[in-house]
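Structure at a glance
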Amino acid sequence: MPSDTVIDSLLADRIQRLNNNPRGVEHDLPFLVADTGRVFEQHQRWLRCLGTIKPFYAVKCNSDIRLLRYLAQLGVGFDCASWGEMKLVLDLGIDPSRIIFAHPCKAVSALQFASRHGIPRTTFDNADELDKIKEHALNLRLLLRIHADDDTALVSLGNKFGAPLDTTTALLQRAKDLGLTVEGVSFHIGSGASNADAFVTAVQDAKRVFRKGKQLGFNMHVLDVGGGFQDSNFEIMALTLRRVVEKEFPKSTQLIAEPGRFYARRFYTMGCKVISRRKQIGQKTDMLYLNDGIYGCFMNAILENEFYAPTLIRQETDDDSEREAGEHRYSVWGPSCDGLDCIAKDASMTCEVKAGDWLKFENMGGFSLAEILAVAKIHPFYNPNAQYPPGAETIESAVHQAAKQSTDIDLSSVPLISKKDLYKVIARLTDDTSRQNEYRRSSYISITGGGSGGLPLMFMTDARENRKHRAVFGKFIGTCRVAEPYDWILTTHCSGYFYRSLDLTSELMENAGATVLSAGNYMTPAEVVRALAHYHVNVLAGDGITSPPPWAR
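This section reports on the structure supplied with the text. Bear in mind the structure is a predicted one, so any value in this text is a computation, not a measurement.

Conventions adopted
- Residues numbered from 1 in each chain as written.
- Predicted model: local features only at pLDDT ≥ 70, side-chain atom pairs only at ≥ 80, totals over all residues.
- Heavy atoms only, no water.
- Helix = DSSP H or I, 4+ residues; strand = E, 2+ residues; numbered from the N terminus.
- Contact = heavy atoms within 4.5 Å.
- Areas by Shrake-Rupley, 256 points an atom, 1.4 Å probe, with all protein chains shown as cover.
- Phe/Tyr/Trp six-rings, centres within 6.5 Å; stacked < 30°, edge-to-face > 60°.
- Buried < 20%, exposed > 50% of the residue type's maximum accessible area, 1.4 Å probe, protein only.
- Expected span 1.5 Å × (residues − 1).
- Arc of directions from axis to C-beta.
- Polar contact = N/O pair within 3.5 Å; in protein donor to acceptor, adjacent residues only side chain to side chain.
- Core = buried A, V, L, I, M, F, W, Y, C linked by side-chain atoms within 4.5 Å.
- Axes fitted to C-alpha atoms, helices over the stretch in contact; angles between N-to-C directions.
- Parallel < 35°, antiparallel > 145°, perpendicular 65-115°, else oblique.
- Left-handed = near helix turned anticlockwise from the far one by under 90°.
- Nonpolar A, V, L, I, M, F, W, Y, C, P; charged D, E, K, R; others polar.
- Pairing = 2+ DSSP bridges.

1. So, the overall build of the protein
- From N to C terminus, the protein includes 17 helices and 20 strands.
- Taking the contacts inside the protein whose residues are at least 6 apart along the sequence as the reference set, 69% of them involve residues at least 24 apart.
- Put simply, the protein shows about 27000 Å² of open surface, and 52% of that area lies on carbon and sulfur atoms.

Structure, rendered in structure tokens:
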């Protein structure tokens, strides 16, 4: 039976069981169906197109233990970026020789773990890392990660990792002086790459570094071409990569790669229930609200501009005879109160969709809901017994434990958050100045406007993550051509009293490539008009606030 037919049957069976208990909590929860057959198909594509390059699956993409076991059966290696990921793979009984610790900037504990457990190889891109490896993991063999970047990639990595080409000779010399073993080069052109020429440049740069390494006496024989492979353009990118590698490197070179979402994306199909519908009079699209959104399994709608095209799983109702036939268009939204929680701006359905229907989403395997929930359960927002938000090591441990679980995901175990309770938790964490309080560590602080005359809600997020999200969303705005490089934008958004609408908007537009004049909300209309004319501004942005909001007076 074809794989799609099996998936559809499993979805229908699950929904039928849920319908038998319509008052149960699970009836309003999304669910996932996994299909190893699709992973096998992807592996066959890889072997056809890049058969000489051994894949090391990027565990961080989706660490579902069932997926890892199946990939191990296919003979795939594993790219691990932390001690938790290494332990997870080793606990499955996988030989350490099938693991690469592919992180150029590592914690000492992770290095020691890799060294003790016989993991053979890791990466580096700076001199400090070499000193650390010398002291804690002398037995590891090394790949020098060089800078590479596809400026069209959905997520750029060149801004964070990779040694510039003009520093590689000094780094190789430092490795030799320390008595370390460098045996090759690695690079990563970015997640969701689409410019095949980026592979050409990276491979040619790697060849130059190989030559320098051999001159210093290293046995340079391993080339790691990284990841970034997409399902949609895999054959095109693979052809260019294969040709340039064959041209620049001898057949004796050991070739490896770090694909992630290429394998994981098609592993899951998701069923989401339509919990509400909003008809919009005079509009082309009505609105559907689902029981999952960007803060669950649809986060890539924001992070990587993922396009979701759901399929209707129609449920028969008492008034089904009144269901309108023919194409209907909808915007699809998640369940939160956040205006960003949009899954699809324009989805076409074969007939009218009603509350109680289900939607099928394919290719949902690039992340793990179990891991998200594992962290939520130890956060004071969700768990009243948790004193502080978890730190990096605690999060990694929770994710590691979640990945080992093979039980069904139980969303009902995570309680809904009321705004009243959230105020109390935020107030407590804000007042607690203990160094153990992760809420006050490297935090970005802003407030919401309260809404409908309510109290403002002060919140904190990780400052570095906030800047990363601004960069990604700014790129998304540019991709959608909301703002373009030759735009001059004058923004009158509000600022002050801890409200950060002005600096948020300014940075988003600048990340989209535009030039921004941050006027703020205190310029008079006459001053704004004069500025528009004087600077030849072609875009005016603002939120209409011309004085401090009521809660700030």
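2. Focus: the packing of aromatic side chains
- If you walk through the whole model with that rule in mind, you get 15 aromatic pairs.
- Taking the centre distance of 5.1 Å and the plane angle of 85 degrees together, the rings of W46 and F229 count as edge-to-face. Of the two residues, W46 sits in helix α2 (residues 36-50) while F229 sits in the loop between β8 (222-224) and α9 (234-248), which places them 183 residues apart along the sequence. The exposure classification of W46 matches that of F229, with both residues buried.
- With a centroid separation of 5.7 Å and an interplanar angle of 25 degrees, the aromatic rings of F199 and F229 are classed as stacked. Of this pair, F199 sits in helix α8 (residues 197-215) while F229 sits in the loop between β8 and α9; the two residues are 30 residues apart in sequence, bridging distant segments of the chain.

3. Digging into helix α14 (residues 419-431)
- If you check α14, its first and last C-alpha atoms are 18 Å apart, about what 13 residues at 1.5 Å a residue would give, namely 18 Å.
- Listed in full, the buried residues belonging to α14 are L422, V425, I426 and L429. Down the axis of α14, the smallest arc covering the buried residues is 100 degrees, so these residues share one side. Exposed residues lying more than 90 degrees from the buried face of α14 are K420, K424 and D431.

4. Some remarks on the side chain of R45
- Following the sequence through the fold, R45 ends up in helix α2.
- Side chain to side chain, R45 and E235 meet in a polar contact 2.9 Å long.
- Excluding residues within four positions of it along the chain, R45 makes contact with D231, F234, E235 and F262.

5. Here's the deal with the nonpolar core
- If you look at the biggest cluster of nonpolar residues, it comprises 76 residues, and the most contacted ones within it are Y57, F78, F187, L223 and F229.
- In terms of residues, this core owes the most to one element, α8, which gives 7 residues.
- Residues contacting Y57, with those up to four places away along its chain left out, are N62, L67, L68, L71, V76, G77, F78, D79, P259, G260, Y263 and A264.
- I294, A301, Y330 and A347 belong to the second-largest nonpolar core, a separate cluster that totals 21 residues.

6. Digging into the packing of helix α6 (residues 127-136) against helix α7 (residues 168-177)
- Between α6 and α7, the shortest axis-to-axis distance is 10 Å and the interhelical angle comes to 15 degrees. The orientation of α6 relative to α7 falls into the category roughly parallel. In the crossing of α6 with α7, the sense of the turn from one axis to the other is right-handed. Within the contact between the two elements, α6 uses A127, L130 and D131 and α7 uses L171, R174 and A175.
- Residues that form the contact of α6 with α7 fall into these classes: 4 nonpolar, no polar and 2 charged.

7. A closer look at helix α5 (residues 108-116)
- Of all the residues in α5, the buried ones are A110, L111, F113, A114 and S115.
- Elements that come into contact with the buried residues of α5 comprise α4 (83-91), β4 (99-101) and α6.

8. Focus on the environment of S434
- With respect to the secondary-structure elements, S434 resides in the loop between α14 and β16 (443-447).
- According to the relative accessible area criterion, S434 is partly exposed, its value standing at 24%.
- In the structure, S434 is positioned 46 residues away from Y388 in sequence and 9.8 Å away in space, judged by C-alpha atoms.

9. Describing the packing of α5 against α6
- Close contact between α5 and α6 brings their axes to 10 Å; oriented N to C, the two are set at 50 degrees. By the angle between their directions, the pair α5 and α6 is classed as oblique. In this structure, α5 crosses over α6, and the sense of that crossing is right-handed. Here V108, L111, Q112 and S115 of α5 come into contact with α6, specifically with E129, K132, I133 and H136.
- Residues belonging to the contact of α5 with α6 are distributed by class as follows: 3 nonpolar, 3 polar and 2 charged.

10. Side note on the environment of E41
- Looking at where E41 falls in the secondary structure, it is placed in helix α2.
- A residue is classified by how much of its surface remains accessible, and E41, at 37% relative accessible area, is partly exposed.
- A C-alpha to C-alpha distance of 9.1 Å links E41 and Y263, two positions 222 residues apart in sequence.

11. Focus: the pairing of strand β13 (residues 325-333)
- With 4 bridges joining them, strand β11 (residues 286-290) and β13 adopt parallel strand pairing. Looking across to β13, one finds that M287 is bridged to S331.
- With 6 bridges joining them, β13 and strand β14 (residues 342-351) adopt antiparallel strand pairing. Across the sheet, H328 pairs through a bridge with M349, a residue of β14.

12. Observations regarding unusual backbone geometry
- One non-glycine residue, S442, adopts positive backbone phi at about 50 degrees.
- Position of S442 among the secondary structure elements: in the loop between α14 and β16.
- Exposure remark for S442: the relative accessible area of 38% places this residue in the partly exposed category.
- Of note, the phi angle at H536 is positive, near 55 degrees, even though the residue is not glycine.

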